[in-house]
Amino acid sequence: MRILICEDSTLLREGLVRVLEDAGHAVVAALPDARGLSDAVVETAPELCILDVRLPPTYTDEGIRAALALRTQHPSLPVLVLSQYVEERYASELITGQNAALGYLLKDRVADVRDFLDQVDRIAAGATVLDPEVVAQLLTRRARDERMARLTDRERSVLALIAEGKSNQAIAAALFVSEASVEKHITSLFQKLDLEQDEHGNRRVLAALVHLEHGGDAATNGADR
């Protein structure tokens, strides 16, 4: 099989080359970053691309964005993403895309060369291979998203103001509603976010964290709904 590797760590990149070539595969390119990746794919016609998530220059999400671009430009090309972490935002987009085979494996959990080579073969053959930890974190994120989807627009506005640290009185003033109405919305959003009453009164903090996890949408003013 013809394989292209994009990995910034020289040690890991050369290790992958050695393991794959010893298994009979041809590594047609081994790049240290995503610059020139698209041209290399055209020039070398790989049957599988292996990419690290975090590549130069910022070491944030260059690799996984490159993977998304490849799946758009070359929809039939199988892609294997290797990562130290689960990049939830992009992983979800990769997995739900209607494209070719995909693998998403966590580096620290690739413990057996034979298993890794088997996964490479399965992905190239059309399978989707996901690390169980990737699946678990995406399911957790989906559960959080479903909780947020339960909120009304007004409850989202109240939640945004809670995240700003505002009191019920300040929230009422900002939204031009009564404090009783604010209390009703807060009780409702606590229930919808599955935040149970506790002896320390941490529900406002937990609610604020849920809000921030989902992008921290700003509160909007206006009459009560």
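The preceding data block contains the structure.
Criteria and thresholds
- Per chain, residues are indexed from 1 in the order of the written sequence.
- Totals for whole chains, interfaces and linings use all residues, but because this is a predicted model, local features are given only for residues with pLDDT of at least 70 and pairs of side-chain atoms are given and counted only at 80 or more.
- Hydrogens and water molecules were not included; the side-chain quantities draw on all heavy atoms of the structure.
- Every helix listed is a DSSP run of H or I at least four residues long, and every strand listed is a run of E at least two residues long, numbered separately from the N terminus.
- Classification of residues uses two cut-offs on accessible area relative to the type maximum, computed with a 1.4 Å probe and protein chains only: under 20% is buried, over 50% is exposed, and between them is partly exposed.
- What the arc covers is the set of directions going from the helix axis to the C-beta atoms.
- In what follows, a contact means two residues having at least one pair of non-hydrogen atoms within 4.5 Å.
- Strands were regarded as paired on the criterion that DSSP finds at least two bridges between them.
- Convention used here: a crossover is right-handed provided that the path from the first strand, over the helix, to the second strand proceeds clockwise when the strands point away from the viewer.
- Salt bridge, as applied in this entry: a Lys or Arg side-chain nitrogen positioned within 4 Å of an Asp or Glu carboxyl oxygen.

Chemist: What am I meant to see in unusual backbone geometry here?
Modeler: Residues other than glycine predominantly adopt negative phi, and peptide bonds predominantly adopt the trans conformation. The peptide bond linking proline 56 to proline 57 adopts the cis configuration, its omega dihedral lying at 10°. Tracing the chain through its elements places proline 57 in the loop between β3 (48-52) and α3 (62-73). In this model, tyrosine 59 sits at a positive phi of 55°, which is unusual for a non-glycine residue. If you trace the backbone, tyrosine 59 turns up in the loop between β3 and α3. Overall, tyrosine 59 belongs to the partly exposed group, its relative accessible area being 43%.

Chemist: Even after reading the chapter, I still don't get helix α2 (residues 37-44), so can you show me in this structure?
Modeler: Residues spaced three or four apart along an α-helix face the same direction, because each turn holds 3.6 residues. Considered for burial, the residues of α2 that qualify are Leu37, Ala40, Val41 and Thr44. Seen end-on, α2 carries its buried residues on one side only, within an arc spanning 100°. Residues of α2 that are exposed and point more than 90 degrees away from the buried face comprise Asp39, Val42 and Glu43. Against the buried residues of α2 lie β1 (2-6), β2 (26-31), β3 and α3. Positive backbone phi, approximately 50°, marks alanine 45, located one or two places after α2.

Chemist: How do you make sense of the pairing of strand β5 (residues 102-106) when you look at a structure like this?
Modeler: Consecutive residues of a regular strand have side chains that alternate between opposite faces of the sheet. β5 sits mainly inside the fold: five of its five residues count as buried. Here β5 shows a buried face lined by Leu102, Tyr104 and Leu106 and a second buried face lined by Gly103 and Leu105. The pairing of strand β4 (residues 79-83) with β5 spans five bridges and is classified as parallel. The partner of leucine 80 across the bridge, within β5, is glycine 103. For the handedness criterion, the β-α-β arrangement of β5, helix α5 (residues 113-124) and strand β6 (residues 128-130) is classed as left-handed.

Chemist: Whenever I open this one, the pattern of salt bridges confuses me. Can you help?
Modeler: Opposite charge on two side chains allows them to pair when their charged atoms are near. In the structure shown here, the tally under the stated rule is nine salt bridges. Between arginine 35 and aspartate 33 there is a salt bridge whose closest N-O contact spans 2.8 Å. By relative accessible area, which is 71% here, arginine 35 ends up exposed. One connected set of salt bridges, linked through shared partners, spans Glu7, Asp52 and Lys107.

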